[in-house]
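Observations on the three-dimensional arrangement
Listed here are the chains, written in short residue letters.
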Amino acid sequence: MLESENLSNELLYIDSLSFSRGGGSILSGLYLTCAQHEVVGILGRNGSGKSTLMNVIFGRIKADFAFMRCKGIKFEKGYQTGEITYLPQEGFLPRNLLLSEALQFFQIDDVNLLELPLIQENLNRRLSSLSLGMIRLFETLLIIYTKESITLLDEPFVGLSPIYIELIKEHIKLVKHRKGILISDHYFRQVMDLSDRLYLLKDSHLTQVLNEDELVFGGYLNQID
Ligand SMILES: Nc1ncnc2c1ncn2[C@@H]1O[C@H](COP(=O)(O)OP(=O)(O)OP(=O)(O)O)[C@@H](O)[C@H]1O
């Protein structure tokens, strides 16, 4: 169920985030927070700036201006805080790793993931021997189960069959008691289903939306019959 902003247990605080390129404003004065136990969804048309926003938070690109706090401490590059992990749109795990090595690298020790039959069956497989969808699935599960308290997920459902989309959702729900999660994906119903709060990124501004009607009003969806 979508809620209003939860100011207790705040993990991530973003204010006045602005980013422009080539003379055009891509993100303008964005305000966004994420608390522990929360999944915050960000929807937007292609090219609206969702990945740019996550890249700025993680520190891969620099904003023109952004005031960002993690657990009350100001930061400029999310990866330097030791508190933020990020699933980028593109694959990131070296393909020559075994799945077991990838799990070790991210120091995953949660039995909810380690004892999954899907994980157990593939522990000794090299990622290069897996399909692109399976690599994406494992990358997403690994990032969800990292120990860091904030997780940024950019299009975690792309390329996944429905049963694996449900699996990802189930595991996000299992870890969110100890995390704050920002998620962006074009599978908007899945994002809505998971999100405690939902935002629409449009014309470089972020607006909170409460339901599908407001997504229609915001020009993200066509009229619902
Ligand atoms: N370094 C850059 N130089 C020029 N333009 C950029 C740069 N980074 C992002 N942009 C532009 O910013 C806009 C937002 O891109 P971004 O990838 O963040 O959108 P998105 O909402 O994630 O899109 P999609 O849903 O298609 O992945 C695009 O028009 C893109 O061309």
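Residues numbered from 1 in each chain as written. Predicted model: local features only at pLDDT ≥ 70, side-chain atom pairs only at ≥ 80, totals over all residues. Heavy atoms only, no water.

Naming follows an unreviewed UniProt entry, where the chain appears as ATP-binding cassette domain-containing protein of Sphingobacterium paramultivorum.

Some details on the pattern of salt bridges
A side chain of one charge can pair with a side chain of the opposite charge when the charged atoms of the two come close. Selection criterion: Salt bridges are identified by distance alone: a Lys or Arg side-chain nitrogen within 4 Å of an Asp or Glu carboxyl oxygen. Secondary structure elements follow DSSP: runs of H or I of four or more residues count as helices, runs of E of two or more count as strands, with numbering from the N terminus. Here's how the labels work: a residue is buried when its accessible area is under 20% of the maximum for its type, exposed when over 50%, partly exposed in between, all with a 1.4 Å probe on protein chains only.
On inspection of all chains with the given rule, the structure shows 10 salt bridges. Here E38 and R197 are joined by a salt bridge, their closest N and O atoms 2.8 Å apart. With E38 in strand β3 (residues 38-43) and R197 in strand β9 (residues 197-202), this pair connects stretches of sequence that are 159 residues apart. Looking at E38, the relative accessible area reads 3%, which means it is buried. In this structure, the salt-bridge partner of E90 is R60, at a minimum N-O distance of 2.5 Å.

Side note on the layout of surface pockets
Rule in force here: Using protein atoms alone on a 1 Å grid, points that fit a 1.4 Å probe yet trap it form a cavity, whereas open point sets bounded by protein on both sides within 12 Å along at least five of seven lines form a pocket; residues with an atom within 4 Å of a point count as lining. Grid points are joined across faces, edges and corners, and a volume is the space filled by probe spheres set on the points. Basically, the charged four are Asp, Glu, Lys and Arg, the nonpolar ten are Ala, Val, Leu, Ile, Met, Phe, Trp, Tyr, Cys and Pro, and anything else, Gly included, counts as polar.
Quantified by volume, the largest pocket comes out at close to 220 Å³. Around the largest pocket, the lining is made up of 14 residues, and of these K62, A63, A66, M68 and E76 lie nearest the centre. Sort the elements by how many residues they give to the lining of the largest pocket and strand β4 (residues 65-70) lands first, with three residues. In terms of residue class, the lining of the largest pocket is made up of seven nonpolar, one polar and six charged.

Examining the site of the ligand
What counts, and what does not: Throughout, the term near means that a residue has one or more heavy atoms lying within 4 Å of the molecule or strand in question. Any pair of N or O atoms that falls within 3.5 Å is considered a polar contact. Within protein, one atom must be able to donate a hydrogen and the other to accept it, and sequence-neighbouring residues count only if both atoms are side-chain atoms. Residue-level accessible areas treat just the shown protein chains as cover; the underlying method is Shrake-Rupley with a 1.4 Å probe.
Around the ligand, the surrounding shell holds 13 residues, and the nearest of these are K50, S51, T52, Q89 and H186. Separating an oxygen atom of the ligand from a backbone N or O atom of S48 is a distance of 3.2 Å. Separating an oxygen atom of the ligand from a side-chain N or O atom of S51 is a distance of 2.8 Å. For the ligand, the protein covers 59% of the area, taking 630 Å² as the surface of the free molecule. Looking at the shell around the ligand, its residues break down into one nonpolar, eight polar and four charged.

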